[in-house]
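The residues making up each chain are set out below.
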Amino acid sequence: MRAVVTRPGTGRAWIQDLPDPKVVADDEVLIQILRVGVCGTDREVMAHGNRSGRGLPAGDDYLVIGHEAVGRVLSVGRGVRALSAGDLVVPTVRRGCDTCLACLNGQADLCFSGNYRERGIVGLHGFLAERIVDHEENLIPVPPELAAIAPLVESLCTPEKALRRIGNARSHLPVGGEMNGVQRALVTGSGPIALLAMMALRLRGIPTWQLARQPVDGPAAALARRLGADYVPLQEVNLEDPQTRLGEFDAVIEATGAVEMSVLMIGVLGRNGVLDLVGGPPERKAVPIEAAALGSMVGRNLTVLGSVNANADDWRASVRDLSAMRTVFEGVAEDLITHTFDLSDAEHAFGRVPGQIKAVVDIAA
Ligand code: BGC
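Residues numbered from 1 in each chain as written. Predicted model: local features only at pLDDT ≥ 70, side-chain atom pairs only at ≥ 80, totals over all residues.

Draft legend 1. Expanded view of the overall build of the protein chain. Along the backbone of the protein chain there are ten helices and 19 strands. In terms of overall size, the protein chain behaves like a compact globule, its C-alpha atoms giving a radius of gyration of 21 Å where 365 residues would be expected to give roughly 21 Å. For the protein chain, the spread of C-alpha atoms along the three principal axes comes to 60 × 45 × 40 Å. Considering only intrachain contacts with a sequence separation of at least 6, the fraction spanning at least 24 residues in the protein chain is 67%. (Helix = DSSP H or I, 4+ residues; strand = E, 2+ residues; numbered from the N terminus. Rg over C-alpha atoms; globule rule 2.2 N^0.38 Å. Contact = placed C-beta atoms within 7 Å.)

The structure is reproduced here in structure tokens:
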């Protein structure tokens, strides 16, 4: 079968013929991959790998890339309970270390040891292939009407976890309501994670602002309007005093990954506010931070947290919310997929082109 592989450090991916995967264990499922999304993590893996030692699967000198997939079940092992041929599924990404308490309790997203593996990212082959095999417990069923946009289920998991973590971080407050009293939320950035975070917030009826670099008449602002969110271009914000233009927020999701933005966002949190960093700046770069910013963390009971990956509840919430988004924000989820490539052309899917939000690779004919 054909697959798209990389070797971390090359910065490229290419098509390679690989042996067909086979169901070996009773709980395994053979899946025909239909569509795979491309994300920034793929480019990072291609450029330098995700972990020292480069994270190649044992015994192989290449990695099948891709971790945002949807596929159709072709056949199942004898012990598979809830899936059968024809079902649509999205495979989850992280596989636990099998030793720490988090992984042993089905919470590999919280792995203590750091020895987890992630399909298409570190230690295990990914999904940009004609067929894959995985265990039933790693497969999330999706309804047929989501087929075209289902690679977004994986992207939406990140904001789902962020929303859950922000709600948890506010659970001690004597308030009720969505995410424990979040009445104003801000999302930074204009990539798929930022846009899906805004959709998830608006789906919960939370007044939401977006802060990004694009001009006010650009495509990000147009999408924000379709969600009933307010778009603020970064150039309208005084970086010394961001609250004058933006006001205060109970929750901020930082999805640009720019360290300057992460620090700036402390300054727009209202009392008891929570900032969740989901961008994960990769560079080793220092930025100045005023003592007063840390002082305000104390004086305002602020929480700054980071969150990565997602647990099974987040995956299920992602499927549920993506279905609801299709109805509530008609056509928006579909419009996040701006570029489609055929498998034969997949190596070009990883380039960045202007106006691109999400690129996907179509695999099945
Ligand atoms: C993926 C996560 C993964 C993270 C770190 C993200 O792009 O969506 O599933 O845990 O990268 O590797």
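Back to the text.
Draft legend 2. The arrangement of the nonpolar core in detail. Counting residues in each nonpolar core, the largest one holds 95 residues, and the members touching the most others are Leu 128, Ala 197 and Met 198. In terms of residues, this core owes the most to one element, helix 4 (residues 192-203), which gives nine residues. Both domains that meet at this core, namely domain 1 (2-141 + 333-362) and domain 2 (156-306), each give it at least three residues. With near-sequence residues (within four places) excluded, Met 198 lies in contact with Val 187, Thr 208, Gln 210, Ala 224, Leu 227 and Ala 229. (Core = buried A, V, L, I, M, F, W, Y, C linked by C-beta atoms within 7 Å. Buried ≥ 20, exposed ≤ 12 C-beta atoms within 10 Å, placed from the backbone. Domains from an automatic or database assignment.)

Draft legend 3. Molecular detail of the domain arrangement of the protein chain. Under the domain assignment, the protein chain is made up of domain 1 (2-141 + 333-362) and domain 2 (156-306). Measuring from the centre of the C-alpha atoms in domain 1 to the corresponding centre in domain 2 gives 29 Å. Residue-level contacts link six residues of domain 1 with six residues of domain 2. Its residues placed into classes, the side of domain 1 that touches domain 2 shows two nonpolar, one polar and three charged. (Nonpolar A, V, L, I, M, F, W, Y, C, P; charged D, E, K, R; others polar.)

Draft legend 4. Quick look at the sheet that holds strand 7 (residues 94-95). Strand order in the open sheet made by the three strands is 7-8-9, with mixed pairing throughout. The sheet is open, and its two borders are formed by strand 7 and strand 9 (123-124), each paired with just one other strand. (Pairing = 2+ DSSP bridges.)

Draft legend 5. Structural detail: unusual backbone geometry. Located in the positive-phi region is Asp 98, a residue other than glycine, with phi close to 65°. Secondary-structure assignment places Asp 98 in the loop between strand 7 and helix 2 (101-104). Look at Asn 180: it is not a glycine, yet its phi comes out positive at around 55°. Tracing the backbone through its elements, the reader meets Asn 180 in the loop between helix 3 (151-169) and strand 12 (185-188). You can call Asn 180 buried: it has 20 C-beta atoms within 10 Å.

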